[in-house]
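The lines below spell out each chain.
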Amino acid sequence: MREFHPKTIIEPFRIRSVEPVHFTTLEQREAALKAAGYNPFLLRADDVLIDLLTDSGTGAMSSRQWAGMIASDESYAGASSFYRFEASVQDITGFKHVIPAHQGRAAENILFTAIAKKGDVIPSNTHFDTTRAHVEHNGAEARDQVIAEGRQPRLIHPFKGNMDIAALEKTIAEVGRERIPAIMLTVTNNSGGGQPVSMANVRAVSAIARANRIPFYIDACRFAENAWFIKTREDGYADKSPIEIAREMFSYADGCTMSAKKDGMANIGGFLALNDDTLAAQCRNLEILTEGFPTYGGMAGYDLEAIAQGLYEALDPHYLRYRIRSISYLGDRLTAAGVPIVLPTGGHAVYLDARAMLPHITPTQYPAWSLCNALYLVGGVRGVEIGTVMFGMQPDGTEKAATMDLVRLAFPRRTYTQSHVDYLAEVILEVFAQRDTLPGYRIVQQSPVLRHFTVRLEPITG
Ligand SMILES: *Cc1c(COP(=O)(O)O)cnc(C)c1O
């Protein structure tokens, strides 16, 4: 017999615990959306059929993770669950000190409270919004320096998350190394469309950081997905395993922050890991103040167990092949049908370009919000607007169009099957066919900060 190379990439698991999805009628969805002030954040999850609001903490855990959770050690100090967690983080990242935190932003809070102060600048490819908020909360400037290609939605480039090296050097020359307490790199670049960073770029950033004696931290939330892109797109990595690639990536850095709700495959949790002994001692003191004793840091013993196991499962090549393919599979179907999306598709989500799809709705009448609501009305699908409602409000109270108006459809890990994705493609194509009839929206009630979470709107009719 010859070896058989199937084209179908199957879900690399079988299902032994199921959760029903919730079907609704169009009439029920219309009533639910109206009652929610036309804001999908305010819907009850029971009224949603396929929930793509976020990939954060929404994935399915494995039987091994659940087994670890049942067998966890809930001792306040020195629990064996902590040592399993610490060993797995050290094995994958190589960092000496592992400081647990209840989620990614708590790790950021500890790190930036310890290192950032007024007048400092922290460059990154693109700071995630919680990272930016913690940098700014400590009085420092969060500076985004992604390559120019990373800002163009339909330009194909294998590593659109790369740092602009020339811009980074310029920042160091202008600001001076004394005022740069750290350089960050977000892998994959969440706010930039889940786009990966190449190993060559990680190495280049590291070389600059070391030459200037500036600490270099990785925002590692999607480190496993990034490792897969390096394996499949960068010369010299095809024969390396994702864990070898991840270890090399971390070897160039001085530490990392992590939300275990992403590639930790857990529903909650995170950590800060680093090599500097003095800084680690300082961070542990801050941790005791806000998170808890350094061997649990805001998590239960069973959360530590789930992450200790989950970090390895995220690096399984069969899992990663399926994960990245389920995103590109949807992207391919939409692109073939002429639906404008951000290209190439990234690691955790498909982004629909609502401004291109709905030219009859001006940005200040929120085309991406309209598209998001239409996906819910037609198919019970919940995505999230990343556009003018989220970013358009200026500090002086005026409003201007965001850079792009996108709808992000983020995939929870190991949760939906290919038939769910086929259904999703059908819903999007149906909305695309009806696109000329979608209304703009106006805001009827809003809060001054982060308004998208609680805003209430109404469709503009006539
Ligand atoms: C989710 C995320 C964070 C913050 O993590 P939380 O667990 O939500 O606090 C930080 N950086 C990136 C890139 C993220 O995706």
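What you are looking at is a predicted structure, and each value in this text was computed from that prediction instead of being measured.

Caption draft 1: The arrangement of the sheet that holds strand β8 (residues 270–274) in detail. The strand order across the open sheet formed by five strands is β2-β8-β7-β6-β5, and the pairing between neighbours is mixed. Each end of this open sheet is capped by a strand with a single partner; those strands are β2 (97–101) and β5 (183–186). Averaged over all pairs of adjacent strands, the angle between strand axes in this sheet comes to 15°, irrespective of strand direction. Here strand β6 (residues 216–219) runs beside strand β7 (residues 255–259); their pairing, made up of three bridges, is parallel. When the sheet's bridge partners are listed, Tyr217 is paired in β7 with Gly255. Its contacts with the sheet put helix α7 (residues 199–211) on β5 and β6, and the angle it makes with β5 is roughly 170°.

Caption draft 2: Molecular detail of the packing of aromatic side chains. Overall, the coordinates contain eleven aromatic pairs when judged by the stated rule. When the centroid spacing of 5.6 Å and the interplanar angle of 85° are considered together, the rings of Phe13 and Tyr322 count as edge-to-face. Placement of the pair is Phe13 in the segment before α1 (26–35) and Tyr322 in helix α12 (residues 317–336), with a sequence separation of 309 residues. Phe13 sits in the partly exposed class, given a relative accessible area of 26%. Site record: aromatic cluster; members linked through ring pairs are Phe82, Tyr83, Phe85 and Phe271.

Caption draft 3: Main features of the pairing of strand β4 (residues 141–144). Taken together, the four bridges between strand β3 (residues 121–124) and β4 define a ladder with parallel strand orientation. Each bridged residue has a counterpart across the sheet, and for Pro123 the counterpart in β4 is Arg143. In this fold, β3 hands off to helix α5 (residues 129–137), which returns the chain to β4; that crossover is right-handed.

Caption draft 4: Looking closely at the side chain of Ser124. Mapped onto the secondary structure, Ser124 falls in strand β3. Leaving out residues up to four positions away in the same chain, Ser124 has contacts with Arg143, Asp144, Gln145, Val146, Met163, Met184, Leu185 and Thr186.

Caption draft 5: Spatial organisation of the site of the ligand. Of all residues adjacent to the ligand, which total 14 residues, the nearest are Arg105, Asp219, Arg222, Ser259 and Lys262. Here an oxygen atom of the ligand sits 2.9 Å away from a polar atom, N or O, in the side chain of Gln103. Ser259 is positioned with one of its side-chain polar atoms (N or O) 2.7 Å from an oxygen atom of the ligand. A total of 380 Å² of accessible area belongs to the ligand in isolation, and the protein chains cover 97% of it. A total of three residues in the shell around the ligand trace back to one element, the largest contributor, which is helix α4 (residues 104–115). Of the residues assigned to the shell around the ligand, the class counts are two nonpolar, six polar and six charged.

Thresholds, definitions, all that
Residue indices follow the written sequence of each chain, beginning from 1 at its first position. Restriction of local features to residues with pLDDT of at least 70 applies here, the model being predicted, together with a cutoff of 80 or more for giving and counting side-chain atom pairs; totals for whole chains, interfaces and linings are based on all residues. Heavy atoms throughout the structure, all of them, feed into the side-chain values; hydrogens and water do not. Only strands that DSSP links by at least two bridges are regarded as paired with each other. Only runs of H or I of at least four residues qualify as helices and only runs of E of at least two qualify as strands under DSSP, and these elements are numbered from the N terminus. Axis angles are defined between N-to-C directions and span 0 to 180 degrees, where every axis is a line fitted to C-alpha atoms and, for a helix, only to the segment in contact. Should any heavy atoms of two residues lie within 4.5 Å, those residues are counted as being in contact. Stacked, edge-to-face and tilted labels apply to pairs of Phe, Tyr and Trp rings (six-membered ring for Trp) whose centres lie within 6.5 Å, assigned for plane angles under 30 degrees, over 60, and everything in between, in that order. The cut-offs for exposure are 20% and 50% of the maximum accessible area for each residue type, with area from a 1.4 Å probe on protein chains only; residues under the lower value are buried, those over the upper are exposed, and the others partly exposed. Orient the strands so they point away from the viewer, and a crossover whose first-strand-to-second-strand path over the helix runs clockwise is right-handed. The criterion for a residue being near a molecule or strand is simple. One of its heavy atoms has to lie within 4 Å of it. Within 3.5 Å is the distance limit for a polar contact, defined as a pair of N or O atoms, with the added protein rule that one can donate a hydrogen and the other accept it, and that residues adjacent in sequence qualify only through two side-chain atoms. Each accessible area is a Shrake-Rupley result for a 1.4 Å probe, and residues are judged covered by the shown protein chains and nothing else. Nonpolar residues are Ala, Val, Leu, Ile, Met, Phe, Trp, Tyr, Cys and Pro. Charged residues are Asp, Glu, Lys and Arg, and all others, Gly as well, are polar.

It is worth stressing that arrangement in space is one thing and function is another; only the former is reported here.
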